[in-house]
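Here are the chains, one letter per residue:
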Amino acid sequence: MDNRRERELVLAPNEYAYVLDTTKGHINCYVGPNKTSLAQTDQPVVFNSGSKRFEPAVLEEAVRLFATAPANWYIALKNPAREGAHPNPGVASVAPELLVGLKHNVPGPAAFALWPGQMARVIEGHRLRADEYLYVRIYDAAAAAEAGWRALGLPADHAEQPPRFAVGAGFVIKGTDTRFYIPPTGVEVVADDNGRLVRSAVRLQRLEYCVLVGEHGQRRTIRGEAIVFPGPDERFVVRGGRRKFEAIELSETTGLHVKVTAPYTEADGTARREGEELFITGSGVIYFPRDDHAIIRQDGRELHQAVAVPRGEGRYVLDRHSGEVSLKRGPAMFLPDPRHEVIIRRVLSAREQALLFPDAPTDPGPIRRAEGPTIEQAKKKRGRDDDAALEVQRPAYVGPRTITLDRGRGAVRIEVRAGRAVQVVDQSGARRVEQGPTALLLGYDEMLQPLKLSTGTPKSDGRRLETAYLQTAGNKVSDTLLLVTRDQVRAELSLTYRVDFEGDPEQWFAVEDYVKLLCDHAGSMIKARARKLDVVALQQDLTPIVRDLILGERGEDGQRPGRTFTENGMRIFDVEVLSLEVVDDEVRALLDEARVDSMQQALALGARQAEVQRRQQLEDAERALDRALHETAALRAVLAAEQTERAHGEAVIERERRLALARMEAERARVELENSLALRERQRATEQADHEARLARRQREQALELEALAARVEGAVRAAQAFDPHVVHAINRLGDQQLAGALAENFGELAAVEGRGLLETARKFLDFVPGSLMPRLAPVDGPTSAD
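Values in this document were obtained by computation on a predicted structure and should not be read as measured data.

Participant: Tell me what's going on with the sheet that holds strand β52 (residues 490–501), and back it up with residues and numbers.
Facilitator: With antiparallel pairing, four strands are arranged side by side in an open sheet as β51-β52-β54-β53. The outermost strands of the open sheet, each flanked by one partner alone, are β51 (475–484) and β53 (563–565). Taking the axes of each pair of neighbouring strands and ignoring which way they run, one obtains an average angle of 35 degrees across the sheet. Docked against the sheet, helix α7 (residues 542–551) engages β52, β53 and β54 (570–582), running at close to 155 degrees with respect to β54.

Participant: How would you explain unusual backbone geometry if you had to name every residue and give the values?
Facilitator: The residue after Gly 224, namely Glu 225, is reached through a cis peptide bond having omega 10 degrees. The backbone phi angle of Asn 14 is positive, close to 75 degrees, even though this residue is not glycine. Looking at the secondary structure, you find Asn 14 in the loop between β1 (8–11) and β2 (15–21). One non-glycine residue, Asn 79, adopts positive backbone phi at about 60 degrees. Of note, Asn 79 is situated in the loop between β9 (73–78) and β10 (92–94).

Participant: Any details on the nonpolar core? Residues and values, ideally.
Facilitator: Leu 493, Tyr 497, Ile 526 and Val 546 are the most contacted members of the largest nonpolar core, which has 37 residues in total. For this core, the element with the most residues is helix α5 (residues 514–530), which contributes eight residues. Leave out the neighbours within four places in its chain, and Val 546 touches Leu 493, Leu 495, Ile 526, Leu 551, Val 575 and Val 577. Judged by nonpolar contacts, the second largest core, of 21 residues, contains Tyr 316, Leu 356, Phe 357 and Ala 468.

Participant: How would you summarise the sheet that holds β9 if you had to cite specific residues and measurements?
Facilitator: An order of β11-β9-β13 is seen for the three strands of this open sheet, with the pairing classed as antiparallel. On the outer flanks of this sheet lie β11 (103–107) and β13 (119–124), each paired with one strand and no other. If you compare each strand with its neighbour and ignore which way they point, the axes differ by 20 degrees on average. Here six bridges tie β9 to β13, and the two strands are oriented antiparallel to one another. Residue pairing in the sheet places Lys 78 in a bridge with Met 119 of β13.

Participant: So what's going on with the packing of α5 against α7? Residues and values would help.
Facilitator: Orientation of α5 relative to α7, taken along the N-to-C sense of each, is 130 degrees, at an axis distance of 10 Å. Classified by the angle between their axes, α5 and α7 sit oblique to one another. Two packed elements cross with a definite hand, and for α5 against α7 that hand is right-handed. Residue-level inspection shows Ala 522, Met 525, Ile 526 and Arg 529 of α5 in contact with α7, the latter providing Ile 545, Val 546, Leu 549 and Ile 550. A breakdown of the residues in the contact of α5 with α7 according to their chemical character gives seven nonpolar, no polar and one charged.

Participant: Kindly report on the side chain of Asp 192, identifying the contributing residues and their values.
Facilitator: Residue position: Asp 192 is located in the loop between β18 (187–189) and β19 (199–200). In this structure the side chain of Asp 192 is engaged in a polar contact, spanning 3.0 Å, whose partner is the backbone nitrogen of Asn 194. Engagement of the side chain of Asp 192 in a polar contact is seen with the backbone nitrogen of Arg 196, the distance being 2.7 Å.

Participant: Would you mind going over the pattern of salt bridges in detail, with residue names and values included?
Facilitator: Overall, the coordinates contain 41 salt bridges when judged by the stated rule. The partner of Lys 103 in a salt bridge is Glu 188, and the shortest N-O contact between them spans 3.1 Å. With Lys 103 in strand β11 and Glu 188 in strand β18, the pair connects residues that are 85 residues apart, well separated along the chain. Residue classification places Glu 188 among the partly exposed positions, given a relative accessible area of 22%. Its salt-bridge partner being Glu 654, residue Arg 658 comes within 3.1 Å of it at the nearest N-O pair. Placement of both Arg 658 and Glu 654 in helix α8 (residues 585–720) is noted, with a separation of four residues, approximately one turn of the helix. Look at Arg 658 and you get exposed, because its relative accessible area is 55%. Residue class for Glu 654 comes out partly exposed when judged on its relative accessible area of 24%. Connected through salt bridges with shared partners, the residues Arg 129, Asp 131, Glu 132 and Arg 203 form a single ionic network.

Participant: An account of α5 is needed here, citing residue identities and associated values.
Facilitator: The end-to-end C-alpha separation of α5 is 24 Å, in line with the 24 Å expected for 17 residues at 1.5 Å each. For α5, the complete set of buried residues consists of Tyr 514, Val 515, Leu 518, Cys 519, Ala 522, Gly 523, Met 525, Ile 526 and Ala 530. Down the axis, α5 shows its buried residues gathered within 160 degrees of arc, on one side only.

What counts and what doesn't
Residue positions are given per chain, counted from 1 along the sequence in the order it is written. A pLDDT threshold of at least 70 governs which residues receive local features in this predicted model, and a stricter bar of 80 or more applies before side-chain atom pairs are shown or counted, although totals over entire chains, interfaces and linings include all residues. Heavy atoms from the whole structure form the basis of all side-chain values; hydrogens and water molecules are not counted. Here, strands pair whenever DSSP counts at least two bridges between them. The numbering of helices and of strands both runs from the N terminus, where a helix is a DSSP run of H or I of at least 4 residues and a strand a run of E of at least 2. For helices, the fitted axis covers only the stretch in contact; all axes are lines through C-alpha atoms, and the angles between them, taken along N-to-C directions, range from 0 to 180 degrees. When checking whether two residues touch, look at their non-hydrogen atoms; a contact exists if any pair is within 4.5 Å. What we call a nonpolar core is a set of buried Ala, Val, Leu, Ile, Met, Phe, Trp, Tyr and Cys residues that are connected through their side-chain atoms within 4.5 Å. For each residue, the accessible area found with a 1.4 Å probe, counting protein chains only, is set against the maximum for its type, and the residue is called buried under 20%, exposed over 50%, and partly exposed in between. In what follows, roughly perpendicular refers to angles from 65 to 115 degrees, roughly parallel to angles under 35, roughly antiparallel to angles over 145, and oblique to any angle outside these ranges. Definitions for this section: a left-handed crossing has its near helix turned counterclockwise from the far helix by less than a right angle. A right-handed crossing has that turn clockwise. The residue classification treats Ala, Val, Leu, Ile, Met, Phe, Trp, Tyr, Cys and Pro as nonpolar and Asp, Glu, Lys and Arg as charged. All others, Gly included, are polar. For this analysis, a polar contact is any N or O atom pair within 3.5 Å, provided that within protein one partner can donate a hydrogen and the other can accept it, and provided that sequence-adjacent residues contribute only side-chain to side-chain pairs. In what follows, salt bridge is the name for a side-chain nitrogen of Lys or Arg lying within 4 Å of a carboxyl oxygen of Asp or Glu. A helix is expected to span 1.5 Å for every residue after the first. As used here, the arc is the angular range of directions from the helix axis to the C-beta atoms.

This is how it looks when you write it as C-alpha cells:
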C-alpha cells in the first residue's frame, strides 16, 4: 500500500515533472493539475542545465514550477519548440522537435511549463534613470532586424532607418532615450564585471573630467558638466577605483610636467611639436588633461610640490644641461623646473661626517635618508601606465628630492659656536675663515679644512685628533714636562696653558698642529731654565719662575704681556702650574724628609711666636680690665650722688602727690556715700509703696476667699446637722482644719508683719472666726453636750 502511494505523481496547478520511460527512452512531460500512478519502468528525472543531461531524482524533487514572468518582466527561453507551443495543462505530453541553440525573449505576463531540454531565465524589465544605460549585443541579426528600432529601445516609427545589425555587434541604450526596455528576440543585455545589467554613466560636475579609451586606442577626454555614456567599443579609464577625476588646481608652489603627444597650436598661436615637454604652474591655474597631452608622473604622483627651504637651510640644485650645482638658500618655497633642474643630495663619508659633526653620536646609523636618487641613479628608462594610458612614467629623479642627515635635511648645514672658527675650502682652492657664533651652508664642492692636533700627556703626534673647529678664545692645552735640574734631579712638571688666537684670521689655520708648536716651544724654554736651578730652589719658586718665563714679567700696569706666536697668531695669556713630582725615589724621600724637618721647625717657631703673642694679648687685656674697673667705680660714685639728690626731690613730689590723691579719694568716697544713701532711701520708699499696694490687694483677695469659704462651711454645717453626732463632729473637725490651713495661708504673712497671733489677726477682718480652734481640733471620743 505504501509503495503504491510513493509511485503516485500528484501535480498541482502551475507544476510539472519529467518522467523517463526506461523501456523506450521517451521522456514525458506531466503538467498539473494531474494525478498519475507511475509504472515500475517509469523514472522521475530532472534536466541539469549545466551538464545538459537528464539526471534521476526522487519523485518530490522532480516536481518543478512553471516559468512565470509578470508584467514588465520577460523570459529568456533557450531551445524553443518549432511551432512555439508549450506543454498543455492536465495531460502528459511527449516533447516536440526543439530549435536547439536558439533563444527567444518572451515578454510577460506569461507562464508555461518547459519541454524537456528547454532552459528559461526570468528577468525583470530594465528601468533606466537619466544617468544609467544598457549595453546590448546582437545574437540573432535577422530577428533583431525584424524588430527594427525596438531592438534599441526606440519607437518603431522612428524617422531614420535602423542600423544594420550584425551578430556580435554591441549598442548602448541610454537612459536619456528610453526609461524602460525589454529586449526583443535577437538582442541580449550584457552584464558588467560585477554581474549588473543596468550600468551607471558618469555624472560630471564642474571641475571634473573623465577619460574614455576605445578598442583601437583612441582617447576621448570629456569635461563637466555632463552625463557621459561610453560608446559600444569604449571603456572608462579607472584609477584607484574611480572613473571621474578632479581637475588639477595649480598654484605658485605646485606644477605639472606634461609631454606633447601630438602637434597642436595654442589659442595664442604658439605651436607645439610632438615630444615637447611643458611645465605648467601659476596661481589660479586650473588644468584639464588634453588628448594631446601626457602627464609625466614622478613616483606615482602627478603634481610636483615646491620644497620648503627654512631660514638657515638650503638645497643643492643640479642644472641638467650644464652640470652646474648651485645652492638655493632659504627662506623660500622652491619649485624646481623638472625639465632642467634637479634637487640632488650630497652623500657624506663617515670621516666627513665626524669632521663636520663632532658632537654627533659615535654610531649615528645611516647618515642620510634618501628621498630621491643620486645623479648616477637618475638614468632610468621611461614607462607608460597601460591602464590609464594618460601618464608617462618618468625617472624618479625629476621631482624635488633632498638629503636627510643626522643634523638636518637638504644642504649640509653646520653650526659654529661662539669662540670657535672654521676654514672653508672649495675644490678650486679658495679659502675663507668663518667665526662663530654662526650657521653655515656648505656649497656642493665645499669642505672644512681639518686640523690634526697632538694628544696625550706629554703631547705626542703618535695619535692626533682631527677636527675642523678651532677654539679661538679660552683654549686650554695641558702638558707634562720631564725636567732635569742643576743638581741632576729629574722631575715631572704638569701645567696648563690658556691660549687665544688674535690678529688676522687667515693665519690661524697656517699651522696644522698648533698644540705641538705650543708645547714644544714652551717646554724647551722651561727645560732650559730648570737646568740652571737646583731642585730646592725650583720647588720653592716654581710658579713665579714659569709664569715670568712664559708670560713675561709684569709691566708698570701690573699686567704680563703673554707670549705670541707669529706663525699662526696664537698667544699664551695665562699658564697654570699644577704639580712638580720628583722622579727619583731616593731624592724624593730626602726632599720629603727635609721638608718634614723644615715643617716641624716652622711649626715649633710658630707655636712659640703664638705663645708670646697670646701672653702679650693677655697682659694687655688685664691692663684694660683694671682701667675699666677704675672708670666704673668713679662713674658709680657720680651716679650715686646724682641718684640721692634726685631721690630726695622725688620723695617730696611723691608725698604731695599722695596727699592730693587722698583728698580726692575722700571727696569721692563722700560723694559715693551720699549717692548710695539717697539711692537706698528711694529704693526703700519704692519698696514700701509696692509692699503696701500688694498687702492691700492681698487683703481684698483674702477677704473674698474667706467669705466664700465661710459660706461653704456654713452650708456644710447645716447639711451635716441631720447626720450622726460623730459624723458631724468629724466633719466639723475637718472643717476647722481646713479653716486653720486657709487662715495660715492667707493671714500668716500679715500676722508676722504685725506681730500678732493668727486668730487675732483674722478676727480683725472676719467676725465669724472663733476665739480658739484648739478645743474643736482636739480628738473626740464620743459626742459632747455642745454637739
